[in-house]
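Here's the letter readout for the chains.
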Amino acid sequence: MKNANQIVSSLQSKPQFSKLSKIRCIKKIQELFPMHLQKMIVYGYFKNNTLNFVLSHPWAKQEFDIIIQSIKTPLKQMPPVECKDAAFTDIRAYVSFKPYKDESLHEGSSTHETFPERSHAEFVNSAQDERLYDVIEDIRKILNDRQD
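From a predicted model like this one, the values you see are computed outputs, not experimental measurements.

Enquirer: I keep staring at the packing of aromatic side chains and nothing clicks. Help me out?
Expert: The description of an aromatic ring pair uses the distance of the two centres, along with the angle that the planes make with each other. One pass over the structure, following the stated rule, counts 5 aromatic pairs. An angle of 85° between the planes, with centres 5.6 Å apart, marks the rings of Phe 33 and Phe 53 as edge-to-face. Taken together, the residues Phe 33 in the loop between helix H2 (18–30) and helix H3 (35–38) and Phe 53 in strand E2 (residues 50–55) connect sequence positions 20 residues apart. With respect to burial, Phe 33 and Phe 53 carry one shared label: buried. For the pair Phe 46 and Phe 88, a centre-to-centre distance of 5.8 Å together with 45° between the ring planes defines the contact as tilted. Note that Phe 46 is positioned in strand E1 (residues 41–47) and Phe 88 in the loop between helix H4 (58–77) and strand E3 (90–95), a separation of 42 residues in sequence. The positively charged end of Arg 140 is found above the aromatic ring belonging to Phe 123, 4.2 Å away from the centroid.

Enquirer: Is there a simple way to explain the pattern of salt bridges in this structure?
Expert: For side chains bearing opposite charge, pairing can occur when the charged atoms are close. Considering all chains together, one arrives at 4 salt bridges under this definition. For the salt bridge of Lys 61 with Asp 65, the shortest nitrogen-to-oxygen distance reads 2.9 Å. You can see Lys 61 and its partner Asp 65 sitting in helix H4, 4 residues apart, about one turn around the helix. Overall, the relative accessible area of 26% leaves Lys 61 in the partly exposed class. Accessibility expressed as a relative area gives 37% for Asp 65, which makes it partly exposed. Across the pair Asp 90 and Arg 92 runs a salt bridge whose closest N-O atoms are separated by 2.9 Å. The class for Asp 90 is buried, based on a relative accessible area of 18%.

Enquirer: Just to check I follow, could you spell out the pairing of E1 for this structure?
Expert: For E1 and E2, the ladder comprises 6 bridges, and the chain directions are antiparallel. Considered in E2, the bridge of Lys 47 is made with Thr 50.

Enquirer: Can you walk me through the nonpolar core in this structure?
Expert: In a soluble, globular protein the nonpolar side chains are often hidden away together inside. Core analysis: the largest hydrophobic core is formed by 21 residues, its most contacted members being Ile 29, Phe 33, Leu 51, Phe 53, Phe 64, Phe 88 and Ile 91. The greatest single-element share of this core, amounting to 6 residues, is contributed by H4. Look past the residues within four positions of Ile 29 in its chain and what remains in contact with it is Leu 51, Phe 53, Leu 75, Cys 83 and Phe 88.

Enquirer: Explanation requested: unusual backbone geometry in the structure shown.
Expert: Peptide bonds are trans in most cases, and residues, glycine excluded, mostly fall at negative phi. One non-glycine residue, Asn 48, lies in positive phi territory at about 50°. In this structure, Asn 48 sits in the loop between E1 and E2. With phi around 55°, Asn 49 is a residue other than glycine that occupies positive phi space. With respect to the element layout, Asn 49 can be found in the loop between E1 and E2.

Calculation rules
- Residues numbered from 1 in each chain as written.
- Predicted model: local features only at pLDDT ≥ 70, side-chain atom pairs only at ≥ 80, totals over all residues.
- Heavy atoms only, no water.
- Phe/Tyr/Trp six-rings, centres within 6.5 Å; stacked < 30°, edge-to-face > 60°.
- Helix = DSSP H or I, 4+ residues; strand = E, 2+ residues; numbered from the N terminus.
- Buried < 20%, exposed > 50% of the residue type's maximum accessible area, 1.4 Å probe, protein only.
- Lys NZ or Arg CZ within 6 Å of the ring centre and 35° of its normal.
- Salt bridge = Lys/Arg side-chain N within 4 Å of Asp/Glu carboxyl O.
- Pairing = 2+ DSSP bridges.
- Core = buried A, V, L, I, M, F, W, Y, C linked by side-chain atoms within 4.5 Å.
- Contact = heavy atoms within 4.5 Å.

Pasting the structure below:
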């Protein structure tokens, strides 16, 4: 009887599931970067035999350019086992200035939080102008209606 890891491995070896092996390759290469840089990688993808990483901050791009030269050479000589099917010749990164929406922050937050009204509309209306006096009284009426 096969366990789940064996089943997933056998599926990933099939050509129709080659994208799964590419995703594993991207994750494995991403693990080679320092932790502070890993957190700034939004996602990675392959295009034209180039592995591209999308970063969330310009500082991460600068850090990536410094570190990548020390990672490229060992990767070319001995790529990870996960990357045997994903042939790439270069690794690049760019910064995406589109706001990245983290879905994990918004899970289960569909309810609106409400707060009780703190004003009791108890104030003296000392306006001299009749129009201003009417506006302030309208505001008082709105506040009183909210409390009910």
